[in-house]
Amino acid sequence: MKLSGLQIFWLMFTFETGNIILLTIGPVMEDAKQDLWISYLIASFLGVFIVYIATKTALLHPKHSLVQFSRLLLGKWLGTLIVIAYLIQWFSVIGNILREFSDFTITILLPTPPPWALNQTMLFLLIYVTYVGGIEGIGRCSEVFGPIIIISVIMLVVLSIKDFDTQNIMPIFIDSGIPSIWKGTLIPLAFFGESVTMLMLVSFMNEPQKAIKSAVWGIAISAFTVCIVSLCVLLVLGPEISAKLRHPTFDVVSYISVMDFVQNIEIIAVLVWILSVFIKLSLYFFLACYGAAQLFNIKNWRKLIWIAAPLFFILAQLYPNSSYTFGYMKTFWVYYALPINMVGIPLLLLAIGSFRKKYAHAKH
Amino acid sequence: MMIRLRKKKHFDGNKITPYPSTIKNEPLHSELTANEQIIKDLFQNCADLVTHPIYEAGKPKLLLIYLDGLTDTKTLEQGLLRPLLYEGFPHGLNKVHSLQQIIEQQLFAVTPIKNISTIDELVDGILMGNAGIIFEGEIKGIVADFNGMPLRSIEEPATEITIRGPRDGFTESIRTNSSLLRRRIRSSRLKFEALTVGELSQTSVEITYIEGIASESLLEEVRGRLSRIEIDGVLESEYIEEFIEDSSFTPFPQIQNTERPDIVIANLLEGKVAIMVDNTPFVLIVPMTFWNGLQSVEDYYERFLYTSFIRLVRYILFNMTMYLPSVYVALTTYHPKLIPTTLLISIAAAREGVPFPAIVEALIMEFVFEGLREAGIRLPKAVGSAVSIVGALVIGQAAVQAGIVSAPMVIVVATTGIASFAIPRYNLGTALRLIRFPMLLLAGIFGLYGIVIGFIALTIHLVTLRSFGVPYFTPVAPQIPVDLKDVFFRVPRWANTAGPIFTFGRNKQRIPKGQKPGPQKGGTKQ
């Protein structure tokens, strides 16, 4: 299982783009009003910074994954603790995304089947791709889906240009102020911060020296796309309406009408979004299985698929409803995962790792 | 212990060999009659065996053995029999010569010969269509190539038709086929490595490649996989294909086959390896990628702008082959919102009297269409046109009028059928046609969501397939940006300076850069 630089690029791009566009724009609009694009810009820069730190940290031990090198750096117990922090994040988020995915798909796409049916079909795909392809298969899928997502976003922007109202962006900065912009920044940042998965992914690369460039570009392009889409939503719907909507981007898409012939294409947008969610889920699924296998020293990590899959199915069933998803995102993700998993631990590992390396150099 | 007990023993019992094991490596006898008897025993009940003694002074001096029909008797008569019978046994240039040497010299001008000393070699030679000659009092014999197997003349291949391009196609004879290739590459670097496959059929198989372009690791892989085959007979290259392909449980062909020498050469020049099998005009080419199946040789014989456009059309058509019926079912059943209102009204009006749900209707029609196609191929040419007439009447007109299927469904199925025939590689087209059915079912259950699920599953399947170590979906996934130019477009030849990286390697260049024609370079200055 080997990943190339391009695969990292597309993985990072597809991994991030879909869910940020779907989930974050409403809440950010609530906080930052018409200045949400500033929030997104700040989040983009910080997100790129996070992925840079994470990749840099992973490059300290390019042959070892996070699970291995955290124990190398911090010792057995502290290292295991750190790995457990990440495993909590990964395991909890899969059930959450899975549930959010089925709820959203049912709302927009097809109202008849029960959520568990959708969860199950998606789980089948996850098992299939992780079992047959592993991380390589996921990377290659993202190479196919990534361009489709980019083309769709371009289409979305181009087709909604005629609905733009530039008054919506005014006045800049006066209504919100720094605190609310910063508050708005946190949510997308917490999503961009998921790119700390690079801590694990670098160990799969055949040319680790390309890791930083590819990952940073992936996040940068993703952030750019998200900024454009957020601006697009703002220009079409205005801050008041979109703050009240749960998934404003898809309402923008449903605004699109070409010559009264192409209409209601939010359904197509959902299909494209599913591609991105699939990549996100399968990457987390793989990391959860692989990470847990490494933690418990299980040689054949594929065995864990059969334990993880039912677990995630149950988890997805247990999530009460999709407003809970928003709660999870706004609290756990922003107050726990962002400071600890995405910023704290990578910085800590980087500091200790660099110090050790320097110390080792000085010694010799 | 249980596992060890259950483990299968290597089967080596009653293995079929071309001739009984009793004559294994038995040397030729010095007596002619003894040899003749052995041969006659071996070829018991073989009416096509001819043994022809030639006498000198009332005694059989030499025995001619061949299989009637495989040997060119006319040349045999002119080159050997006539001189022997009319001029008598020649005498050597010098005094003492064995009869064998004399005959050898006699035949030297006529045909290649081979010295033999065992019964095996003699039998092998006879079975190849050669004439065996053994002599009284000598333990050596000759196998002379008077091969006259019936041959088909070189014709235009029926399965791959182009407007512009060479009209010659492979025949059933492997020698003719190799000569067609040799004509195109006049270099000793074009190699044909011979081996035989098939215990009984002893079919000659040749690994063809251009030395220095095909990678050694690929060649090793091909040799290894071919040498592992144990089979009684090989009738078609498909027999070989199923033994050496990477994954059997997939509808997608992982080995390209072609009847056209120019396609083989084009692929050899890209560093691939061809496998020629005797008795079939279909040559195998490895490795194959998914995109090879969508490229036609004519793409490279027409102007690049036009063929780039045609490629685009082909990609749309291949997506239609897989998704069009299922999208129609999904839209009409689950998402009528997506259909423009006026179109929706006319579809609804057309579907009014139809008793089946769209999915059932689609399955029926697809099934009927596949049946028509199969019947059209299998029927003798004389009645073949009847099928299309009946089919057109049945599914085109009568079924719609009777209210059993709706007219839009007929349009959808017919379009899908046409789209599937537009795919240049027939076996890839069949794969896509096969995938249509699970897609239909998914669309019937989950609507567009089901199609996306199917699309993702298909993508996973395609990106994890391999063909001789090359990922099937190269250069799209794993992505090789420089190779994409020959996938989504057909760039002009002067721009395609590098061969495909997956077979060619990163450091090799195909043609030098900077050959873009222009008034300064190409024409005379004014």
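This text goes with the structure placed above it.
Anyway, here's the lowdown on the structure attached to this text. Everything numeric here is computed off the predicted structure, so don't read it as measured data. (Residues numbered from 1 in each chain as written. Chains lettered and ligands numbered in written order. Predicted model: local features only at pLDDT ≥ 70, side-chain atom pairs only at ≥ 80, totals over all residues. Heavy atoms only, no water.)

A word on the overall build of chain A
Here is the rule we go by: Here a strand is any run of E in DSSP of at least two residues, a helix any run of H or I of at least four, and the numbering for each starts at the N terminus. Throughout, radius of gyration means the C-alpha value; the globule benchmark is 2.2 Å times the number of residues raised to the power 0.38. Whether a residue is buried, partly exposed or exposed follows from its accessible area with a 1.4 Å probe, protein chains only, as a fraction of its type maximum: under 20%, in between, or over 50%, in that order. Whether two residues are in contact is decided by their heavy atoms, any of which lying within 4.5 Å being enough.
Of the regular secondary structure elements, chain A holds 13 helices and 0 strands. Walking chain A from its N terminus toward its C terminus, one meets helices and strands in the order α-α-α-α-α-α-α-α-α-α-α-α-α. Relative to a compact globule of 364 residues, whose C-alpha radius of gyration would be 21 Å, chain A shows 20 Å and is just as compact. For chain A, the spread of C-alpha atoms along the three principal axes comes to 70 × 45 × 35 Å. Expressed as a percentage of its 364 residues, the buried residues of chain A come to 61%. Residue pairs at least 24 apart in sequence account for 84% of intrachain contacts in chain A once pairs closer than 6 positions are excluded.

A look at the overall build of chain B
Put simply, the test is: Residue exposure ignores everything except the shown protein chains as possible cover, and the areas themselves are Shrake-Rupley values with a 1.4 Å probe.
The secondary structure content of chain B amounts to 17 helices and 12 strands. The C-alpha atoms of chain B give 30 Å as radius of gyration, which overshoots the globular expectation for 526 residues (24 Å, by more than 25%). C-alpha extents for chain B along the principal axes are approximately 105 × 70 × 65 Å. Classification of the 526 residues of chain B by burial places 46% in the buried group. Considering only contacts in chain B between residues 6 or more positions apart, those separated by 24 or more positions represent 65%. If you sum the accessible surface of chain B, you get close to 27200 Å²; carbon and sulfur atoms cover 60% of it.

Here's the deal with the sheet that holds strand E8 (residues 256-258) of chain B
Residue and element names in this part refer to chain B. As a reminder, the rule being used: Strand pairing is assigned whenever DSSP identifies at least 2 bridges connecting the two strands. Only the stretch in contact is used when fitting a helix axis, every axis being a line fitted to C-alpha atoms; angles between N-to-C directions are given from 0 to 180 degrees.
Pairing in this open sheet of 5 strands is antiparallel, and the strands run E6-E7-E9-E10-E8 from one edge to the other. With one partner strand each, in any of the chains shown, strand E6 (190-197) and E8 form the two edges of the open sheet. With direction set aside, neighbouring strand axes in the sheet form an average angle of 25 degrees. Across 4 bridges, the pairing between strand E7 (residues 203-210) and strand E9 (residues 273-277) is antiparallel.

Here's the deal with unusual backbone geometry
For the peptide bond that leads from Val286(B) to Pro287(B), omega is -10 degrees, which places it in the cis range. Within the element layout of this structure, Pro287(B) appears in the loop between strand E10 (283-286) and helix H10 (304-333). One non-glycine residue, Asn297(A), lies in positive phi territory at about 55 degrees. For Asn297(A), the position within the fold is in the loop between helix H11 (266-295) and helix H12 (303-318). A positive phi angle, near 50 degrees, is found at Phe468(B), a position not held by glycine. Relative to the helices and strands, Phe468(B) resides in the loop between strand E11 (466-467) and strand E12 (470-471). Phe468(B) sits in the buried class, given a relative accessible area of 6%.

Observations regarding the nonpolar core
Note the following rule: Think of a nonpolar core as a cluster: buried Ala, Val, Leu, Ile, Met, Phe, Trp, Tyr and Cys residues, connected wherever their side-chain atoms sit within 4.5 Å.
Ranked by internal contacts, the top residues of the largest apolar core, which has 188 residues, are Leu201(A), Ile274(A), Phe278(A), Phe285(A), Phe252(B), Phe290(B) and Tyr449(B). Sort the elements by how many residues they give to this core and H11(A) lands first, with 22 residues. Leave out the neighbours within four places in its chain, and Leu201(A) touches Leu3(A), Ile8(A), Leu11(A), Met12(A), Ile135(A), Leu283(A) and Leu287(A). If you look at the next biggest cluster of nonpolar residues, it comprises 21 residues, including Tyr209(B), Leu218(B), Ile240(B) and Leu284(B).

Here we look at empty space enclosed by the protein
The probe, sized like a water molecule, is rolled over the atoms to show the empty space still left. The cut-off we apply is this: Grid spacing is 1 Å over the protein atoms alone, the probe is 1.4 Å, and a cavity is where that probe fits but cannot get out, while a pocket is an open set with protein on both sides within 12 Å along at least five of seven lines and lining residues have an atom within 4 Å of a point. Grid points are joined across faces, edges and corners, and a volume is the space filled by probe spheres set on the points. Each residue gets one of three labels, nonpolar for Ala, Val, Leu, Ile, Met, Phe, Trp, Tyr, Cys and Pro, charged for Asp, Glu, Lys and Arg, and polar for the others, Gly among them.
A full pass over the atoms with the stated rule returns 2 cavities of 30 Å³ or more. Estimated volume of the largest cavity: approximately 190 Å³. Lining the largest cavity are 18 residues, and of these Gln295(B), Asp483(B), Asp486(B), Pro500(B) and Phe502(B) sit closest to its centre. Across the lining of the largest cavity, the residue classes break down as 7 nonpolar, 6 polar and 5 charged. Considered as a void within the structure, the second largest cavity measures approximately 110 Å³ in volume. Around the second largest cavity, the lining comprises 13 residues; the ones closest to its centre are Leu23(A), Val93(A), Asn96(A), Ile97(A) and Phe191(A). Mapped by element, the contributors of at least two residues to the lining of the second largest cavity are helix H1 (5-32), helix H4 (76-108) and helix H13 (322-363) of chain A.

Quick word on the pattern of salt bridges
All names here are of chain B. Let me state the cut-off plainly: What makes a salt bridge here is a side-chain nitrogen of Lys or Arg within 4 Å of a carboxyl oxygen of Asp or Glu, nothing more.
Tallied over the full model, the rule gives 33 salt bridges over all chains. Here Glu-221 and Arg-225 are joined by a salt bridge, their closest N and O atoms 2.8 Å apart. Remark: Arg-225 and Glu-221 occur in helix H7 (residues 216-227); sequence separation between them is 4 residues, near one turn of the helix. In this structure Glu-221 comes out as partly exposed when scored by relative accessible area, which is 33%.

What to know about the side chain of Arg351(B)
Turning to its location among the elements, Arg351(B) is positioned in the loop between helix H11 (341-350) and helix H12 (358-378). Beyond its immediate stretch of four places on either side in the chain, Arg351(B) contacts Tyr328(B), Phe356(B), Pro357(B), Ala358(B), Glu361(B) and Ser406(B).

Things to note about the interface of chain B and chain A
For clarity, the cut-off: When two parts are brought into contact, each loses some accessible area as probed by a 1.4 Å sphere; the total of that loss over both is the buried area. Polar contact is defined as a pair of N or O atoms within 3.5 Å, subject to the rule that within protein one atom must be able to donate a hydrogen and the other to accept it, and that residues adjacent in sequence are counted only when both atoms are side-chain atoms.
Between chain B and chain A, the contact holds 26 residues from the first and 37 residues from the second. Interface of chain B and chain A: buried area, both sides summed, is about 2700 Å²; carbon and sulfur atoms make up 75% of it. Considering only the side of chain B, the residues that lose the most area to chain A are Tyr449(B), Ile460(B) and Gln479(B), jointly responsible for 23% of the buried surface there. There are 1 salt bridge connecting chain B and chain A. The interface formed by chain B and chain A holds 9 residue pairs in polar contact (both at pLDDT 80 or more) in total. Looking at the side of chain B that touches chain A, the element that brings in the most residues is helix H16 (residues 448-464) of chain B, giving 12 residues. Residue composition of the side of chain B that touches chain A, by class: 19 nonpolar, 5 polar and 2 charged.

As for the environment of Pro357(B)
Residues and elements named next belong to chain B. Residue position: Pro-357 is located in the loop between H11 and H12. Since its relative accessible area comes to 45%, Pro-357 is described here as partly exposed. Sequence separation between Pro-357 and Tyr-209 is 148 residues; the distance between their C-alpha atoms is 54 Å.

Looking at the packing of aromatic side chains
Residue and element names in this part refer to chain A. The condition is simple: Working definition: rings of Phe, Tyr and Trp (its six-membered ring) pair if their centres are within 6.5 Å, and the pair is stacked with planes under 30 degrees apart, edge-to-face with planes over 60 apart, and tilted otherwise.
Inspection of every chain in the model, using the stated rule, returns 34 aromatic pairs over all chains. Ring plane angle 70 degrees and centroid distance 4.9 Å describe the contact between Phe-104 and Phe-250, whose orientation is recorded as edge-to-face. Of this pair, Phe-104 sits in helix H4 while Phe-250 sits in helix H10 (residues 248-255), and the two are 146 residues apart along the sequence. The exposure class of Phe-104 is buried, given its relative accessible area of 1%. Overall, the relative accessible area of 6% leaves Phe-250 in the buried class.

Comments concerning the pairing of E6(B)
Direction of pairing for E6(B) relative to E7(B): antiparallel, over a ladder of 8 bridges. Residue pairing in the sheet places Ala194(B) in a bridge with Glu206(B) of E7(B).

Some points on the sheet that holds strand E3 (residues 113-116) of chain B
Residue and element names in this part refer to chain B. In space, the 5 strands of this open sheet follow the order E1-E2-E4-E5-E3, with antiparallel pairing throughout. Unpaired on one side and paired on the other, strand E1 (49-56) and E3 mark the two borders of the sheet. Across this sheet, the average inter-strand angle for adjacent strands is 20 degrees, counted without regard to direction. Of the strands in this sheet, E1, strand E2 (59-67) and strand E4 (131-135) are in contact with helix H2 (residues 32-42), which crosses E2 at around 20 degrees.

Quick notes on the packing of H1(A) against H10(A)
All names here are of chain A. Put simply, the rule reads: Throughout this description, any angle smaller than 35 degrees is read as roughly parallel, any larger than 145 degrees as roughly antiparallel, any in the 65 to 115 degree range as roughly perpendicular, and the remainder as oblique.
Their axes nearest at 7 Å, the elements H1 and H10 cross at an angle of 105 degrees. As judged from the angle between their axes, H1 and H10 are roughly perpendicular. On H10, the residues that touch Ile-21, Leu-22, Ile-25 and Gly-26 of H1 are Pro-248, Thr-249 and Phe-250. Taken together, the residues of the contact of H1 with H10 sort by class into 5 nonpolar, 2 polar and no charged.

Any functional reading would require information beyond the geometric quantities listed.
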